[in-house]
Amino acid sequence: MKNLITALLLTSSMAATASSNEFTPKQLQQVDEVRTTALNSHLSYELLESLTTEVGPRLPGTENDKKAVAWAQAKFKELGFDKVWLEEATFPEWRRYSESGKILTPSEQPLHLTALGNSISTPKEGISAPIELFETLDELKAAPANSLKGKIAYINYRMNRDIDGNGYGPAVKARATGAIEASKKGAVAYMMRSVSTGHHRFAHTGGSYYKEGVKKIPNVTIANPDADQIARLVALGKNVSVNINVQTENLGEGTSYNVIGQFNGTETPEQYVLIGGHLDSWDLGTGALDDGAGVALTMAAAKHISDVKRPKRSIRVVLFAAEELGLWGAKAYFVKHKNDLHNIVAAAESDFGADVVYGFESNVDAASLPVVRAIAKELAPLNVEYIGKNQANGGPDLIPFKNAVSAPIFELAQDGTDYFDYHHTADDTLDKVTPAKLRQNTATYAVFALMAADAKTTIKPKVTTKE
């Protein structure tokens, strides 16, 4: 990885000679200085190491979640941010206590599983029942009424591997609503193959939901090797039954906080670039990839900018609360700031691990595209390609802003080829993060945020017109 940083430094040293109507030669020299500083700095990794080691897993509402809020406040102040504050977010609080499973027939075998977020408990002795296998959520929906009475519905959907994680969406539909559809058919529980591209024997957790008027049933995922074992047994014509045992608790409304730090702009401080990630994590690992890396690299990026200059507009880092349980921090931020969202001149969230940023895309008004292209030119030395479709989706916590067309959205696309090997598992730990790749991410966010904050033209959200 040392070669990666050396190559990036060599190419970035020539970038300041570029010209743009949006930026002066001096501004471009400052961009180069920020980029070079970020590529040479260990700050983002040090922050990530501190968060994952001193706090660890950060399930919303837990003591560790509270410690993470205090940690973020202290780090923002230590880094010299001009303003540091908290904004409350409420959410449905949930706990996982214990979980186990086994195949009962045709022979007893261990079954590695985990409860999905929001799942109810099984009885203390668990639930023992035959499974009914479906390959997709649509196949489960098509099952005859009451056909799953006394059975455990099992979806064996296999997620594909791709750089942009495009297999996640279809798999998540089964994770989010599978228990609802299974219950409608009379099932006593719902089980699914993990939303994962991994081969290790870890089950992947994630958010799931119930529907008013539909009986709640326990809701679990199993590790991919165990899913393969069950699929082989079914293919052999065996009658497969399992025992699943999860003990969980729904605790009603919980409270956490978005933690926010800002470096004030010199000319129009009320306008700001919003960057950040989500501070919470699932309870199985230490949340290094999801989303400790996003937290650390955006905090570090803002600090690197401030060490070189204060741009015209402010740089605001938002560490969102309770993302994993349903974007609750993002929803709270959107509501609290609904009357001043027009002050956001650019927004980007890092929430896709810590592999390199390979692409840059916007979702902005056409008049803002010259600024976007100027930023893209300065990202090129970091081996970041300009996608240019102007259709960026942004990170999960930006969904409320994108849906309301209330902010210019950007995507700094990370390589997600291996991300879903570790996502939402006990294997999401610091050793999966390569420091050089994290520095490339940090430099990318620093260049983007500085230029969006310092551009002559104020970036605007995409204008939608009715035909």
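Residues numbered from 1 in each chain as written. Predicted model: local features only at pLDDT ≥ 70, side-chain atom pairs only at ≥ 80, totals over all residues. Heavy atoms only, no water.

*Asks:* It is not clear to me how empty space enclosed by the protein should be interpreted in this structure. Could you clarify?
*Replies:* Space left empty within the atom packing is revealed by a probe, the size of a water molecule, rolled over the atoms. Enumeration according to the criterion identifies 1 cavity of 30 Å³ or more in this entry. Of the pockets and cavities examined, the largest cavity occupies roughly 50 Å³. Considering the residues around the largest cavity, the lining is formed by Ser281, Trp282, Leu284, Gly285, Gly287, Asp290, His424, Thr425 and Asp428. Looking at side-chain class alone, the lining of the largest cavity contains 2 nonpolar, 5 polar and 2 charged residues. (1 Å grid on protein atoms, 1.4 Å probe; cavity = no way out; pocket = protein on both sides within 12 Å on 5 of 7 lines; lining within 4 Å. Points joined across faces, edges and corners; volume = space filled by probe spheres on them. Nonpolar A, V, L, I, M, F, W, Y, C, P; charged D, E, K, R; others polar.)

*Asks:* In this structure, what is going on with the packing of aromatic side chains? I would like to understand it.
*Replies:* The geometry of two aromatic rings is summed up by the distance between their centres and the angle between their planes. Summed over the entire model, instances satisfying the criterion amount to 14 aromatic pairs. Centroid distance phenylalanine 320 to tyrosine 333: 6.1 Å. Interplanar angle 80°. Geometry classified as edge-to-face. In this pair, phenylalanine 320 is assigned in strand β10 (residues 313-320) and tyrosine 333 in helix α9 (residues 328-336), connecting sequence segments 13 residues apart. The aromatic ring of tryptophan 85 is capped on one face by lysine 83, whose charged end is 4.9 Å from the ring centroid. (Phe/Tyr/Trp six-rings, centres within 6.5 Å; stacked < 30°, edge-to-face > 60°. Helix = DSSP H or I, 4+ residues; strand = E, 2+ residues; numbered from the N terminus. Lys NZ or Arg CZ within 6 Å of the ring centre and 35° of its normal.)

*Asks:* Even after reading the chapter, I still don't get unusual backbone geometry, so can you show me in this structure?
*Replies:* Residues apart from glycine generally show negative phi values, whereas peptide bonds are mostly found in trans. Going from threonine 105 to proline 106, the amide bond is cis rather than trans, its omega being 15°. By secondary structure assignment, the location of proline 106 is in the loop between β1 (83-105) and β2 (109-110). Backbone geometry places asparagine 383, a non-glycine residue, at a positive phi of 65°. In this structure, histidine 424 is a non-glycine residue whose phi angle is positive, near 65°.

*Asks:* Could you clarify how one ought to interpret the layout of surface pockets in this entry?
*Replies:* Looking at the largest pocket, its volume works out to about 1100 Å³. As for the largest pocket, its lining consists of 46 residues, of which Tyr168, Phe352, Gly394, Gly395 and Pro396 are closest to the centre. Among the residues forming the lining of the largest pocket, the class breakdown is 20 nonpolar, 16 polar and 10 charged.

*Asks:* Any chance you could explain the side chain of aspartate 427 here in plain terms?
*Replies:* One can find aspartate 427 in the loop between α12 (419-422) and α13 (435-454). A relative accessible area of 14% means that aspartate 427 is categorised as buried. Non-local contacts of aspartate 427, meaning those with residues more than four positions away in its chain, are made with His200, Phe202, Tyr422 and Lys432. (Buried < 20%, exposed > 50% of the residue type's maximum accessible area, 1.4 Å probe, protein only. Contact = heavy atoms within 4.5 Å.)

*Asks:* Sorry if this is basic, but what is going on with the environment of leucine 382 here?
*Replies:* Among the secondary structure elements, leucine 382 is positioned in the loop between α10 (369-379) and β13 (385-386). A relative accessible area of 1% places leucine 382 in the buried class.

*Asks:* Just checking my understanding: could you explain α10 for this structure?
*Replies:* Every α-helical turn comprises 3.6 residues, leaving residues that sit three or four positions apart pointing alike. For α10, a buried count of 8 out of 11 residues is recorded, marking the element as mostly surrounded by other parts of the structure. When we look at burial in α10, the residues that qualify are Leu369, Val371, Val372, Ala374, Ile375, Ala376, Glu378 and Leu379. For α10, the elements touching its buried residues are α2 (25-40), β12 (357-363), β13, β14 (409-414) and α13.

*Asks:* Quick question: what am I supposed to make of the pairing of strand β4 (residues 127-134) here?
*Replies:* Here is the key point about a regular strand: its side chains alternate between the two faces of the sheet. Across 4 bridges, the pairing between β4 and strand β8 (residues 241-263) is antiparallel. Within β8, the position partnered with isoleucine 127 by the bridge is isoleucine 244. Where β4 lies against strand β5 (residues 152-155), 4 bridges are found, and the strand directions are parallel. When the bridges of β5 are listed, isoleucine 131 appears paired with isoleucine 152. (Pairing = 2+ DSSP bridges.)

*Asks:* Would you mind going over the pattern of salt bridges with me for this structure?
*Replies:* Side chains bearing opposite charge may pair, as long as their charged atoms lie close to each other. Counted according to the given criterion, the structure contains 21 salt bridges. Among the ionic pairs, arginine 161 bridges to aspartate 418, the shortest N-O distance being 3.2 Å. With arginine 161 in the loop between β5 and α6 (168-184) and aspartate 418 in the loop between β14 and α12, this pair connects stretches of sequence that are 257 residues apart. With relative accessibility at 35%, the residue arginine 161 sits in the partly exposed group. Judged by its relative accessible area of 39%, aspartate 418 falls in the partly exposed class. Among the salt bridges present, the one from lysine 303 reaches aspartate 307, with a minimum N-O distance of 3.2 Å. In this pair, lysine 303 and aspartate 307 are both assigned in helix α8 (residues 288-308), 4 residues apart and thus about one turn of the helix distant. Here the residues in one salt-bridge network are Asp32, Arg35 and Glu378, joined through shared partners. (Salt bridge = Lys/Arg side-chain N within 4 Å of Asp/Glu carboxyl O.)

*Asks:* I tried to follow the packing of α2 against α13 on my own but got confused; where do I start?
*Replies:* Each packed pair of helices is defined by two parameters, the angle between the axes and the distance between the axes. Two elements in contact, α2 and α13, have axes separated by 8 Å at closest approach and are oriented at 155°. Classified by the angle their axes make, α2 and α13 are roughly antiparallel. Our pair here, α2 against α13, has a crossing hand that is right-handed. Contacts between α2 and α13 pair Gln27, Leu28, Gln30, Val31, Val34, Arg35, Ala38, Leu39 and Asn40 from the former with Arg439, Gln440, Thr442, Ala443, Ala446, Val447, Leu450, Met451 and Asp454 from the latter. Partitioning the contact of α2 with α13 into residue classes produces 10 nonpolar, 5 polar and 3 charged. (Axes fitted to C-alpha atoms, helices over the stretch in contact; angles between N-to-C directions. Parallel < 35°, antiparallel > 145°, perpendicular 65-115°, else oblique. Left-handed = near helix turned anticlockwise from the far one by under 90°.)

*Asks:* Help me understand the side chain of aspartate 428 in this model?
*Replies:* Along the polypeptide, aspartate 428 turns up in the loop between α12 and α13. Comment: no salt bridge for buried aspartate 428; closest opposite-charge side chain is arginine 58, at 6.9 Å. Within the structure, the side chain of aspartate 428 is placed 2.7 Å from the backbone nitrogen of leucine 289, a separation counted as a polar contact. Leave out the neighbours within four places in its chain, and aspartate 428 touches Gly285, Thr286, Gly287, Ala288, Leu289, Asp290 and Tyr422. (Lys, Arg positive; Asp, Glu negative; His and termini not counted. Polar contact = N/O pair within 3.5 Å; in protein donor to acceptor, adjacent residues only side chain to side chain.)

*Asks:* Just checking my understanding: could you explain the pairing of β8 for this structure?
*Replies:* Summarising the sheet, β1 and β8 pair through 21 bridges and their orientation is antiparallel. Counted as the bridge partner of glycine 101 is isoleucine 244 from β8. Sheet analysis places β8 next to β10, joined by 5 bridges and oriented antiparallel. Within β10, the residue paired with valine 259 across the bridge is leucine 319.

By themselves, these are just geometric observations and shouldn't be taken as functional.
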